[in-house]
Amino acid sequence: MNQAPILLQGAEEHEISGFLCAMSRPDRTEVGGYSFWHGRIGAQNTVIAQTDIGLIHAACATVLGILTFHPAVVINQGTAGAAVRQLHRGDIVIGSQAVNLDALNMPPRPKDTGCAPFDWTFNGRSAILNANPAWVSRLTAGNDSAGILHVGRLGSGDLFSREADRIDWLHAQRGHLCEDMESAAVYQACTRLDTPCVGVRIISNNELTREPYEEPVAADLQRFLLDTLFTSNTSVEM
């Protein structure tokens, strides 16, 4: 297998199970405590990685995956909560950019004066990171039969945001369409290691419109990516 692989990532088992079912003779290996499966989907050399949840896990698993398998592209995918009212459960966001939502500074406040999170400001660790534009275009050309395709910025943090005012404030500050816990770290690792990447998220819940979380939509995103990536004649060498 000399062809550079596509590295497909998901944080949890249900976010990669469809890929594993589609892979012929997956060869599982563990690197640094993270699981990777190497094999083929169709004719394409492919690696599937379970990163675990969170920015630190995503960064570690991405660096290890790049250094071990030397992929042509890293595709980080999974579920996300909507950050705007226009997105609904089942919609797919292709991440042309990603941003860290946790890189905040807070002004000093004396004891017994409370907490004022809307006074916090973003710092330099919250830089806007870009996906590979060729891969954004390729994924945007896919056909999402379940929902609607959007292209825009992904936001990532180590919180499950459920406060509507806070979600609105974060969106006003950073302009992201949805919030996950991995993509910004993956973009940062790929940028440092000069590896093309793109993030893709399917909306699993929207706290602003009270659409509750549904885990099964993760399978819909995997079907979309399998159809888009592995039924196309386009080479991965982009």
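Computed from a predicted model, the values in this text were never measured in an experiment.

**Some points on the pattern of salt bridges**
Tallied over the full model, the rule gives seven salt bridges. Between R28 and E30 there is a salt bridge, and its shortest N-O distance comes to 3.4 Å. Given a relative accessible area of 48%, E30 falls into the partly exposed group. Measuring nitrogen to oxygen at the nearest pair gives 3.4 Å for the salt bridge that ties E182 to R201.

**Here we look at the state of the cysteines**
Scanning the model with the defined rule gives zero disulfides in all. Here C178 stays unpaired: no disulfide links it, and the sulfur of C197, its closest cysteine neighbor, is 15 Å away. Residue C178 is classed as buried on the basis of its relative accessible area of 0%.

**Notes on the confidence of the model for the chain**
Of all residues in the chain, 95% attain a pLDDT of 70 or more, and the chain-wide mean is 94. This stretch, residues 233-238, has a pLDDT under 50; its non-local contacts, to residues over four places away or in other chains, come to 12 contacts.

**Some details on the packing of aromatic side chains**
What characterises a pair of aromatic rings is the spacing of the ring centres plus the angle enclosed by the ring planes. Scanning the entire structure with this criterion turns up three aromatic pairs. For the pair F36 and F69, a centre-to-centre distance of 5.3 Å together with 45° between the ring planes defines the contact as tilted. In this pair, F36 is assigned in strand 3 (residues 34-41) and F69 in helix 2 (residues 55-69), connecting sequence segments 33 residues apart. Of the two residues examined, F36 and F69, each falls in the buried class. In textbook terms, an aromatic cluster arises when at least three aromatic residues are bridged by ring pairs, as seen for F118, F122 and W169.

**Looking at the environment of I75**
With respect to the helices, strands and loops of the structure, I75 is situated in strand 5 (residues 73-82). Overall, the relative accessible area of 0% leaves I75 in the buried class.

**Some thoughts on a nonpolar patch on the surface**
Taken together, the side chains of V63, L67 and L193 define a hydrophobic patch exposed on the protein surface, amounting to about 220 Å² of accessible area. Topologically, L193 is positioned in the loop between helix 5 (183-192) and strand 12 (197-205). A residue is classified by how much of its surface remains accessible, and L193, at 32% relative accessible area, is partly exposed.

**Some thoughts on the nonpolar core**
If you look at the biggest cluster of nonpolar residues, it comprises 55 residues, and the most contacted ones within it are I75 and V198. Residue contributions to this core peak at seven residues, all from helix 6 (residues 217-230). If we ignore the near neighbours within four places in the chain, the residues touching I75 are I6, L7, L8, Q9, W135, V198, V200 and L229.

**Quick notes on the packing of helix 2 against helix 5**
Put simply, helix 2 and helix 5 touch, their axes get as near as 8 Å, and they point 35° apart. Between helix 2 and helix 5 the crossing geometry is right-handed. Contacts between helix 2 and helix 5 involve L55, A58, A59, T62, V63 and I66 on the former and, on the latter, A185, V186, A189 and C190. When its residues are assigned to classes, the contact of helix 2 with helix 5 shows nine nonpolar, one polar and no charged.

**Section: the packing of helix 3 (residues 133-140) against helix 6**
Following both chains from N to C, one finds helix 3 and helix 6 inclined at 110°, their axes separated by 9 Å at the closest point. The angle between helix 3 and helix 6 falls in the class roughly perpendicular. Considering the relative orientation of helix 3 and helix 6, their crossing is right-handed. Contacts between helix 3 and helix 6 involve W135, R138 and L139 from the first element and F224, L225, T228 and L229 from the second. For the contact of helix 3 with helix 6, the class distribution of residues is five nonpolar, one polar and one charged.

Rules behind the numbers
- Residues numbered from 1 in each chain as written.
- Predicted model: local features only at pLDDT ≥ 70, side-chain atom pairs only at ≥ 80, totals over all residues.
- Heavy atoms only, no water.
- Salt bridge = Lys/Arg side-chain N within 4 Å of Asp/Glu carboxyl O.
- Buried < 20%, exposed > 50% of the residue type's maximum accessible area, 1.4 Å probe, protein only.
- Disulfide = S-S within 2.5 Å.
- pLDDT = per-residue confidence, 0-100.
- Contact = heavy atoms within 4.5 Å.
- Phe/Tyr/Trp six-rings, centres within 6.5 Å; stacked < 30°, edge-to-face > 60°.
- Helix = DSSP H or I, 4+ residues; strand = E, 2+ residues; numbered from the N terminus.
- Patch = residues over 30% accessible without salt bridge, like charges linked within 9 Å, V, L, I, M, F, W, Y side chains within 5 Å.
- Areas by Shrake-Rupley, 256 points an atom, 1.4 Å probe, with all protein chains shown as cover.
- Core = buried A, V, L, I, M, F, W, Y, C linked by side-chain atoms within 4.5 Å.
- Axes fitted to C-alpha atoms, helices over the stretch in contact; angles between N-to-C directions.
- Left-handed = near helix turned anticlockwise from the far one by under 90°.
- Nonpolar A, V, L, I, M, F, W, Y, C, P; charged D, E, K, R; others polar.
- Parallel < 35°, antiparallel > 145°, perpendicular 65-115°, else oblique.

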